[in-house]
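# A structural walkthrough
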Amino acid sequence: MSDLKVRIADAVKDAMRAKAAERLGTLRFLQAAIKQREVDERKDLTDAEVTAIIEKQIKQRRESISAFEQAGRVETAAQETAELAILKEFLPQGATDAEIATAIDAALAEVAAQGVTGAPAMGKVMAILKQALAGRAEMSALSAQVKAKLS
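Described in the following lines is the structure provided in the data block. None of these values were measured; they are calculated from a predicted model. (Residues numbered from 1 in each chain as written. Predicted model: local features only at pLDDT ≥ 70, side-chain atom pairs only at ≥ 80, totals over all residues. Heavy atoms only, no water.)

As for its placement among the helices and strands, threonine 26 is situated in helix α2 (residues 21-41). According to the relative accessible area criterion, threonine 26 is buried, its value standing at 2%. In contact with threonine 26, not counting residues within four places along its chain, are Arg61, Glu83, Ile86 and Leu87. (Helix = DSSP H or I, 4+ residues; strand = E, 2+ residues; numbered from the N terminus. Buried < 20%, exposed > 50% of the residue type's maximum accessible area, 1.4 Å probe, protein only. Contact = heavy atoms within 4.5 Å.)

Pasting the structure below:
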């Protein structure tokens, strides 16, 4: 079992002991998503795969928060924000701006060495960055930075 799955399971037990219903609900939903993927793929997930599931859950929460705020549903948006904070606890520590800039420059150099330019370079650079900074940086922000450097 991956270390991240053990941490999540321990957090579920702690939430049960503390009778923290909202936290427990979020963590159980995350565990269910992990278990579903394991059943679908018939294998134990690695920490990187669990991190990808957490990132997907975070992205869904961000989209929901935006939609709820636009609809004027402040209470529901606040609940989603609380869930987002719980999920973020299980991501690796965020990359610094310097690390991000270095990773972008290295990825651009690697793609340029392959002779790829223009729009196809964007996809290749993002693939490299996704591996290098998985869970440590927001991909939409990286995408904007890469786009700015390519143009």
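Another aspect to go through is α2. The terminal C-alpha atoms of α2 lie 30 Å apart, and with 21 residues this matches the ideal 30 Å at 1.5 Å per residue to within 8%. Where α2 is buried, its residues contact α1 (3-18), α3 (47-70) and α4 (74-88). Immediately beyond the C-terminal end of α2, within one or two residues, lies arginine 42, with a positive phi of roughly 55 degrees. (Expected span 1.5 Å × (residues − 1).)

Attention now goes to unusual backbone geometry. Phi is positive for lysine 19, close to 55 degrees, though the residue is something other than glycine. Residue position: lysine 19 is located in the loop between α1 and α2. With relative accessibility at 73%, the residue lysine 19 sits in the exposed group. Despite not being glycine, arginine 42 shows a phi value in the positive range, around 55 degrees. Mapped onto the fold, arginine 42 is located in the loop between α2 and α3. Judged by its relative accessible area of 77%, arginine 42 is exposed.

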